[in-house]
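Read off the chains here:
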Amino acid sequence: MGDTLEDILDAVARGQFPPADGGTTVVAQPSPRDTGVIAFTAHSVVFTDEDPQWVHAALAAVECDALAASMHPRFLGALLDRTGRTTDTIDLLTVAGPLPGDPPLELREVSDADHPRVRRALRRRDDVRVWSADGGVLVLGRGVAGRWETAIEVDEGVRHRGLGRDLARAARHLVPDGAPVWSQQAAGNARSIRAFQAAGFRPVGSEALLAPRTPPQQSSYAG
């Protein structure tokens, strides 16, 4: 297993997972913006600049199955308090390989940096690009550890027609340099989970991202 979060994620995208040994690996956070926890099968990775001894002690103090400790509310609460950060939810983490050619969906790139979806994406990603389709939006940008991440939105009036699946699949055509593309879906968002899995994204773990309470300097917009 690699020494950095980027190394670990690159390996996971290739199907090479951390050992299912019940352990927790602590690595440095890849940027001032990004810290958090990823739980793979029977092995967790905490990426933070906090003392690893403190992390392991905080995990040991949680009264639950050791395999569940890294995503337990008490551990995440302790990590949030120690880092002064905030979080939204625990997500399902998914990844898919690139696809050749142009996406089989008519997309229009959004060039307005003040577009609401652009503003939201810039809080979490760099090199952000946004495309719109009739009834939907697709976002692509560099997120945690520089990985390419995508997110989609589908208008309520056009749901149940496969647009979410098509937008998620389009991201696999648009990702640069033959890189894998990652996405997070809230565990309760069954529509989004179904759309991404129908587009070929495979689940690899769960992820809790801890965001700074003070928004970082605006990231780059490539639109």
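Report follows, based on the coordinates. Bear in mind the structure is a predicted one, so any value in this text is a computation, not a measurement.

Under the defined criterion, the tally for this structure stands at eleven salt bridges. Arg 108 is paired through a salt bridge with Asp 134; the nearest N and O atoms lie 3.3 Å apart. Taken as a pair, Arg 108 in strand S6 (residues 108-109) and Asp 134 in the loop between strand S7 (126-133) and strand S8 (136-142) lie far apart in primary sequence, 26 residues in all. The exposure class of Asp 134 is exposed, given its relative accessible area of 65%. Residue Glu 109 is joined to Arg 129 by a salt bridge in which the shortest nitrogen-to-oxygen separation is 2.8 Å. One end of the pair, Glu 109, is in strand S6; the other, Arg 129, is in strand S7, with 20 residues separating them in the sequence.

Moving on to helix H1 (residues 5-13). Among the residues of H1, Leu 5, Ile 8, Leu 9, Ala 11, Val 12 and Ala 13 are the ones counted as buried. Phi turns positive, to about 90°, at Gly 15, one or two residues after H1.

Time to look at the packing of helix H5 (residues 163-174) against helix H6 (residues 190-198). Between two packed helices, what matters for the description is the angle formed by their axes and the separation of those axes. Running from N to C, H5 and H6 cross one another at 50°; their axes reach a closest spacing of 8 Å. Accordingly, the angle class assigned to the pair H5 and H6 is oblique. Judged by the twist between their axes, the crossing of H5 over H6 is right-handed. For the pair formed by H5 and H6, the contact residues are Gly 164, Arg 165 and Ala 168 on the first element and Ala 195, Phe 196 and Ala 198 on the second. For the contact of H5 with H6, the residue count by class is four nonpolar, one polar and one charged.

The general pattern is negative phi for most residues beyond glycine and trans for most peptide bonds. In this structure, Ala 42 takes a positive phi of about 55° despite not being glycine. What makes Ala 42 partly exposed here is its relative accessible area of 26%.

Looking only at helix H2 (residues 52-60), the buried set comprises Val 55, Ala 58 and Leu 59. Around the axis of H2, the buried residues are gathered within 100° of arc, so they sit on the same side. In H2, the exposed residues that point more than 90 degrees away from the buried face are Gln 53 and Ala 60. Of the surrounding secondary structure, the elements contacted by the buried residues of H2 are strand S1 (23-27), strand S3 (43-47) and helix H3 (73-83).

About the thresholds
- Residues numbered from 1 in each chain as written.
- Predicted model: local features only at pLDDT ≥ 70, side-chain atom pairs only at ≥ 80, totals over all residues.
- Heavy atoms only, no water.
- Salt bridge = Lys/Arg side-chain N within 4 Å of Asp/Glu carboxyl O.
- Helix = DSSP H or I, 4+ residues; strand = E, 2+ residues; numbered from the N terminus.
- Buried < 20%, exposed > 50% of the residue type's maximum accessible area, 1.4 Å probe, protein only.
- Axes fitted to C-alpha atoms, helices over the stretch in contact; angles between N-to-C directions.
- Parallel < 35°, antiparallel > 145°, perpendicular 65-115°, else oblique.
- Left-handed = near helix turned anticlockwise from the far one by under 90°.
- Contact = heavy atoms within 4.5 Å.
- Nonpolar A, V, L, I, M, F, W, Y, C, P; charged D, E, K, R; others polar.
- Arc of directions from axis to C-beta.

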